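Fold and geometry: a report
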2 protein chains.
Amino acid sequence: MIRFWCISLLFFPVFTQAQTYSSADSALIRSIYDEVLSHGEAHENLRVLTKTIGHRLSGSPQAFQAMRWGTELLERYGADTVFTMPVVVPSWTRGDVATAIAYMSDGRVIPLHITALGESVGTPNDEAIRCKIIIVKKLSDLELLDSELTEGRIVLFNRAMDPMQINTGSAYGGAYDQRGHGATASAKVGARGALVRSLTHSLDTLPHTGAMSYADDVEKIPAAAISTVDARMLAKLYKEDPDLEIELTMNCTVLPDVEQGNIIGEWTGSEFPHEIITIGGHLDSWDIGEGAHDDGAGIVHTIEVLRLLKAVGYTPKRTIRFVLFINEENGNRGGITYAGIAAEELERGENVYVAAMESDAGGFSPRGFNIDATDTLSELFKSWQPLFEPYNLYHFKNGWTGVDIRPLKDLDHRPMLLGLVPEGQRYFDYHHSANDVFETVHKRELELGAATMASMIMLIDKYIPSPNLETEND
Amino acid sequence: MIRFWCISLLFFPVFTQAQTYSSADSALIRSIYDEVLSHGEAHENLRVLTKTIGHRLSGSPQAFQAMRWGTELLERYGADTVFTMPVVVPSWTRGDVATAIAYMSDGRVIPLHITALGESVGTPNDEAIRCKIIIVKKLSDLELLDSELTEGRIVLFNRAMDPMQINTGSAYGGAYDQRGHGATASAKVGARGALVRSLTHSLDTLPHTGAMSYADDVEKIPAAAISTVDARMLAKLYKEDPDLEIELTMNCTVLPDVEQGNIIGEWTGSEFPHEIITIGGHLDSWDIGEGAHDDGAGIVHTIEVLRLLKAVGYTPKRTIRFVLFINEENGNRGGITYAGIAAEELERGENVYVAAMESDAGGFSPRGFNIDATDTLSELFKSWQPLFEPYNLYHFKNGWTGVDIRPLKDLDHRPMLLGLVPEGQRYFDYHHSANDVFETVHKRELELGAATMASMIMLIDKYIPSPNLETEND
């Protein structure tokens, strides 16, 4: 018996009022936390992912390895089916050279700590370019400058993440345009390259990479992240010596696309198998460090939720999909592909995606969730907060939920989207850098995140109302 | 004009109802956080304390150095007066030998990671003792054993901290008796020494020291902490080979008492100078590691509160005392002395101690405060919570506040006691071990703690009602 929904109803879904929770739920949640704190496997799984595979940029051999590892683990933990959803991903290689050297008018030669931004082109013919620099804090500052101060130069974008923001993710968002669009803004004013102050509050000598892209109508010029310490030093040197020059050499390259995929473990629902709850993180990572917090943590969280719910004997009413998304870092093709298929399944009346949860903010001590949903569903979600207070979780707010699940928001019936919110002060110290390694992830903190997600998935499965869609049976 | 209170009223204090807060307070609190996040000095101060002085056990030369450092810093930040409150403290030295070696019946020789517990005696004449062992999980288990299983042996107390407790401090409290009283319990059944599984959730090879004491009526036998990894291994080896022997050598020694002191910076109140608000941490630390989280963090928190309140132009109504307590770790003579003097001042009608706050739970991201006060004051305190939600602070609960300020609770008028509650999952990984070093303290996390304390001190100063004590003027 398969259910079909009238297509017209896809545009008028209604979630009906539901019971918010029962007294038995707090005991079940306690058993989930007990299980993770006494027999948690997420930390050991993260060790294997980070130490035996390592970083795993989309398109790389390590990403293929990680796909196999994830498939095996989901099978071992008892998913009913595990499959690969094919996704064609971009491929880019950092190469083996990324150097920047400052030459001062007085003869001093100062090497700088840089690394290529993801998707950047290399320097022409992989050969050094040497030119003067100009330093700005905002993209729009470039347009105000006389062309002789920009043409043929390398632009340093040196706006720090705002330290006064308590939420480090917001501070990151406020400085992101330099990395994402700095090269395009620089090319428009005739510059030959762009250096971007690393997006971190930490004052250190590590460059933090990340995605950038070029507008279609500009020349592609090389772009690199420079460490915060070097950016600060360069700004000081430039004040003393505006004629200083930088020699930049990078041999990164865009390679042909590769077919990889989202790894999906499915646990079939006992009552509403065509209502899909998605939980995931992203399997790909940047190609420096080990992608431990970003997003190894989210991957082992996701897999541990399956193990935990099985361990406490839970039987889901809905179908839960454990999704290891590919290509979050430089394209989000995994998330876009997944939502596209969800839309097709919905249109065909096969499945309706009722909720999705992502962990992509690190493996630190959990503080709660952000939600992006209708008011009705947001209220239901917030009504569960008392169940989480014994675990020091108080953050149940509207907010950003995750790159991979964001495309699902555009489904006509608007599923409930949730993002795990961990403690965030240290996250950008590690993010996209060589420091994002297993040793910085704390076992109990990571485990508490997995139990928090499992508990919330259980509540969603039990209590989220079914979309009020007409059905006919065949 | 000095105020005197009728002595009789000391036993009938009443706090009257007060306004809970004004809209201007949220702006002032915002300016405190802005100041710390843009110009915070706590982290640099902690670097100086931990890296130029290092650990600073009561009675040690380093503790004297830390007292001078604290005095200078409180003066530099503008305390009206800075003075030393003399405190006679115990002195104990770890010596330079603490070894334990397991000798297996099959000839294997296995060195173990141990360190002496604070205040322990050494082995007799600093010479090795070698004997069989017995392993128990509870102190009371010893009394149930046949005497041949205990007499002349070394007892290993091997009860782990309960991993299922979310609050790591509670798990610590639940395992503490082994360290505090294990030697006494062992001596009572004729044992020659005690080894105590380190009080940490972390599975590693570091011994974690800490205070112990002997009952008056037992022989003083040597007691040491053993790493969690070694304790677990030893339990396994003992199952295979109950005749294994341990050779224990320790040359730690109790030395004569030393006069050191609490360092107190006083900022005189503009309106009620005889009402004292105390804020503090403890300057002493254990003699391994650097005492960075325990309690260097609390010390630089305390000092930074003075700097912050001055920086935002605050004028306190009450007198605020910034107290760097001595001897929290092994005797609490600093806290006891301070409360004793407070009681005398109260009796003489000189000063009334209305509130006290301690930071002694690490330099991690703050989550709120524990309170120990009358219901009326607790309600007032909890009414301020909305002011702290923008800073992700939600923990405003009754609970443990701190060893140093605890003796103030016994004052007849019962001051409001508060303890900063930081994120706690990592604390016992470092606590009392060689890993408690500066590098594990995060700048922004530490700074947020200082701003949180400063904001709460401001609210207490502004809004806590004066004790309703009769006054006469002379």
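Per chain, residues are indexed from 1 in the order of the written sequence. Starting at A for chains and at 1 for ligands, labels are handed out in the order in which the entities are written. Residue-level local features of this predicted model are given only where pLDDT is at least 70; pairs of side-chain atoms are given and counted only at 80 or more, and the full residue set underlies all totals for whole chains, interfaces and linings.

1. Let's talk about the nonpolar core
Nonpolar cores are identified as sets of buried Ala, Val, Leu, Ile, Met, Phe, Trp, Tyr and Cys residues joined via C-beta atoms within 7 Å. Labels follow a simple rule on C-beta atoms placed from the backbone: if 20 or more others lie within 10 Å of a residue's own, it is buried; if 12 or fewer, it is exposed; otherwise it is partly exposed. In this structure, Val305, Met416, Ala454 and Ile457 of chain B are the most contacted members of the largest nonpolar core, which totals 96 residues. When residues of this core are assigned to their parent elements, the largest contribution, 11 residues, is made by helix α12 (residues 443-463) of chain B. An automatic or database domain assignment provides the domain bounds reported here. Mapping this core onto the domain boundaries places at least three of its residues in each of domain 1 (12-92 + 256-473) and domain 2 (98-251) of chain B. Once C-beta atoms are placed from the backbone, any two residues with those atoms within 7 Å are in contact. Ignoring sequence-local partners within four residues, the contact set of isoleucine 457 of chain B consists of Ile277, Ile279, Val305, Ile320 and Met357 of chain B. Judged by nonpolar contacts, the second largest core, of 95 residues, contains Ile264, Leu283, Leu411 and Ala451 of chain A. Starting at the N terminus, helices and strands are each numbered in turn, a helix being any DSSP run of H or I of at least four residues and a strand any DSSP run of E of at least two.

2. Considerations on helix α7 (residues 292-311) of chain B
Most of α7 of chain B sits inside the fold, with 18 of its 20 residues counted as buried. Just downstream of α7 of chain B, glycine 313 of chain B is the residue with a positive phi angle, here 80 degrees.

3. A closer look at the packing of helix α2 (residues 42-53) of chain B against α12 of chain B
Residue and element names in this part refer to chain B. Between the N-to-C directions of two axes lies an angle of 0 to 180 degrees, each axis being a line fitted to C-alpha atoms and, for a helix, fitted only over the stretch in contact. Across the interface, α2 lies against α12 with an axial gap of 9 Å and an inter-helix angle of 110 degrees. In terms of axis orientation, α2 runs roughly perpendicular to α12. Residue-level contacts link Ala42, His43 and Leu46 of α2 to Lys443, Leu446, Glu447 and Ala450 of α12. Across the contact of α2 with α12, the residue classes tally to 4 nonpolar, 1 polar and 2 charged. Any angle that falls under 35 degrees is termed roughly parallel, while one over 145 is termed roughly antiparallel, one within 65 to 115 roughly perpendicular, and all others oblique. Put simply, Ala, Val, Leu, Ile, Met, Phe, Trp, Tyr, Cys and Pro go in the nonpolar bin, Asp, Glu, Lys and Arg in the charged bin, and everything else, Gly too, in the polar bin.

4. Observations regarding the relation of the copies chain A and chain B
Each copy is superposed on the other by least squares, with the fit set by C-alpha atoms of residues at a pLDDT of at least 70 in both. Each copy of the sequence occupies a distinct position, and chain A is placed on chain B by a rotation of 180 degrees and an axial shift of 0.0 Å, giving an RMSD of 0.0 Å. Between the two chains, the operation in question is that of a two-fold axis. For chain A, the residue whose C-alpha comes nearest the rotation axis is tyrosine 394 of chain A, separated from it by 3.3 Å.

5. Observations regarding the environment of tyrosine 77 of chain B
All names here are of chain B. By the secondary structure assignment, tyrosine 77 is in the loop between α3 (61-76) and β2 (81-93). Judged by the 22 C-beta atoms lying within 10 Å of it, tyrosine 77 is buried. The sequence separation of tyrosine 77 and lysine 310 amounts to 233 residues, and the corresponding C-alpha distance is 8.2 Å. Those residues within four positions of tyrosine 77 in sequence are excluded, and the remaining contacts are Ile303, Leu306, Arg307 and Lys310.

6. Regarding the sheet that holds strand β9 (residues 223-226) of chain B
Residue and element names in this part refer to chain B. With mixed pairing, 8 strands are arranged side by side in an open sheet as β4-β3-β10-β6-β7-β8-β9-β5. In the strand order of this sheet, the two ends are held by β4 (109-112) and β5 (114-116), each with one partner. For this sheet the average axis-to-axis angle between neighbouring strands, irrespective of direction, equals 30 degrees. With 6 bridges connecting them, strand β3 (residues 98-103) and strand β10 (residues 245-250) associate as antiparallel partners. Looking at β10, one finds that tyrosine 103 is bridged to glutamate 245. Against the sheet, helix α5 (residues 168-188) makes contact with β7 (154-157), β8 (193-197) and β9, and its axis sits at roughly 155 degrees relative to β8, the strand it touches most. If DSSP finds at least two bridges between two strands, the strands pair.

7. Here's the deal with the pairing of strand β12 (residues 272-282) of chain A
Residue and element names in this part refer to chain A. Most of β12 sits out of view: 9 of its 11 residues are buried. Across 8 bridges, β12 lies against strand β13 (residues 318-325) in parallel orientation. In the strand pairing of β13, glycine 280 is matched with valine 323. Taken together, the 6 bridges between β12 and strand β14 (residues 352-358) define a ladder with parallel strand orientation. Following the sheet pairing, threonine 278 is matched in β14 by alanine 356.

8. Description of unusual backbone geometry
Both trends apply: most residues other than glycine have a negative phi, and most peptide bonds are in trans. Residue aspartate 295 of chain A is bonded to the preceding aspartate 294 of chain A through a cis peptide linkage, with omega at 0 degrees. Its location among the elements puts aspartate 295 of chain A in helix α7 (residues 292-311). You will see that asparagine 332 of chain B, though not glycine, has its phi angle at about 55 degrees, which is positive. Its location among the elements puts asparagine 332 of chain B in the loop between β13 (318-325) and α8 (333-347). Residue asparagine 332 of chain B is classed as buried on the basis of its 20 C-beta neighbours within 10 Å. A positive phi angle is found at arginine 414 of chain B, which is not glycine, with a value near 50 degrees.

9. Comments concerning the domain arrangement of chain A
Residue and element names in this part refer to chain A. By domain assignment, chain A separates into domain 1 (3-92 + 256-473) and domain 2 (95-251). For domain 1 versus domain 2, the distance between C-alpha centres works out to 35 Å. Taken together, the contact pairs 17 residues of domain 1 with 16 residues of domain 2. The element best represented in the side of domain 1 that touches domain 2 is helix α11 (residues 427-430), accounting for 3 residues. Considered class by class, the residues forming the side of domain 1 that touches domain 2 number 8 nonpolar, 7 polar and 2 charged.

10. Re the interface of chain A and chain B
In many reports, interface size means the accessible area that the parts give up when they come together. With 20 residues of chain A in contact, the opposing surface of chain B contributes 20 residues. Those elements giving two or more residues to the side of chain A that touches chain B turn out to be α1 (23-39) and α12 (443-463) of chain A. For the side of chain A that touches chain B, the element with the most residues is α1 of chain A, which contributes 3 residues. A per-class count over the side of chain A that touches chain B returns 7 nonpolar, 7 polar and 6 charged.

11. Notes on the sheet that holds strand β14 (residues 352-358) of chain B
Residues and elements named next belong to chain B. The strand order β2-β11-β13-β12-β14-β17-β15-β16 describes an open sheet built from 8 strands, whose pairing is mixed. Edge strands, defined here as strands with exactly one partner in the open sheet, are β2 and β16 (395-398). On average, adjacent strands in this sheet sit at an angle of 20 degrees to one another, irrespective of strand direction. As judged from the 4 bridges shared by β14 and strand β17 (residues 416-422), these two strands associate in the parallel manner. If you follow glutamate 358 over to β17, its bridge partner there is glycine 419. The strands touched by α7 within the sheet are β11 (253-267), β12 (272-282), β13 and β14, with β12 carrying the most contacts at an inclination of about 150 degrees.

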